[in-house]
Amino acid sequence: MSKQQSGSKEHRDPTTNPYRMSRRRITTWTGALIASVVLLVVVAIVLAAIGGDSAESWVAIVLFVAFGVPVAAAAVLGGLAIASWGWVAGTVFGVGWLTLLVVVVNNGFHLLFDDQAVGPVIYDEAIWQASGVGGLVVGGVLFFVAGWQGDVPMWIGGPAGGIDVSRRRLRGREGDSVGSGAVVPPPKRKPRPKPKRRPKQQRRR
């Protein structure tokens, strides 16, 4: 087995990595999404500095894409990392986030008004806000179910000082590391010592 294959297998070993994606892939996607947010924010700042008749509209659109699309994509990818059907939780959470973000951005730029057509739908701030919050809540519950089923570490309040609510903890599979979120690999067996051979002269006697 080559070193590359061995490393890939190690990253996906459930005893050291409970997620369905390798840690390298998770790190790569996270870095790419953060970089896209930074890049789009810089674009929005440049557009605001240039100014113009439609500059405000373009700034609002770019900011919406900057803080909306990467978060929604991260939700879908995060769902896939913990369960095969996790994309459902990520999609529900992402749609809720995008819907709520439309309301937030519109409150800052006032580009939409109630009963105004936005493509095939009608904008109503109260309905869109309730739909966004509902999507976040339902998506969060689905994430919890997917994480419980996928047996991944989960905390309420974060890993540092938070409450460990993972299935792994309740089944007592972490031993002394309960609440720390650490994944403990199985103990390694010690090799048996080889029996000592007698010298040829002693065997002749």
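The structure presented is a predicted model; accordingly, all values stated were derived computationally and were not measured.

(A) Representation of the nonpolar core within the structure. Counting residues in hydrophobic clusters, the biggest one holds five residues: I82, A83, A146, V152 and M154. Beyond its immediate sequence surroundings of up to four residues, A83 is in contact with R20 and A146.

(B) Quick look at the environment of T99. For T99, the location among the structural elements is in helix α4 (residues 86–109). With residues up to four places along the chain from it excluded, the contact list for T99 reads W128, S131 and G132. Separated by 2.8 Å, the side chain of T99 and the backbone oxygen of V95 make a polar contact.

(C) Local environment of helix α5 (residues 125–150). An ideal rise of 1.5 Å per residue puts 38 Å on 26 residues; α5 measures up with 37 Å between its terminal C-alpha atoms. Taken together, the buried positions of α5 are W128, G132, G135, G139, A146 and G147. Looking at the buried positions of α5, the neighbouring elements they touch are α3 (55–82), α4, β1 (116–118) and β2 (121–123). N-capping of α5 is provided by D124, with a side-chain oxygen placed 3.2 Å from the backbone N of A126. Within two residues after α5, D151 carries a phi angle of roughly 60°, on the positive side.

(D) Examining the packing of aromatic side chains more closely. One pass over the full model with this rule turns up three aromatic pairs. Taking 6.3 Å as the distance between ring centres and 25° as the angle between the ring planes, the aromatic pair formed by F144 and W148 counts as stacked. Pair noted here: F144 and W148 are both in helix α5, with a separation of four residues, about one helical turn. For W148, a relative accessible area of 32% translates into the label partly exposed.

Conventions we followed
- Residues numbered from 1 in each chain as written.
- Predicted model: local features only at pLDDT ≥ 70, side-chain atom pairs only at ≥ 80, totals over all residues.
- Heavy atoms only, no water.
- Core = buried A, V, L, I, M, F, W, Y, C linked by side-chain atoms within 4.5 Å.
- Buried < 20%, exposed > 50% of the residue type's maximum accessible area, 1.4 Å probe, protein only.
- Contact = heavy atoms within 4.5 Å.
- Helix = DSSP H or I, 4+ residues; strand = E, 2+ residues; numbered from the N terminus.
- Polar contact = N/O pair within 3.5 Å; in protein donor to acceptor, adjacent residues only side chain to side chain.
- Expected span 1.5 Å × (residues − 1).
- Phe/Tyr/Trp six-rings, centres within 6.5 Å; stacked < 30°, edge-to-face > 60°.

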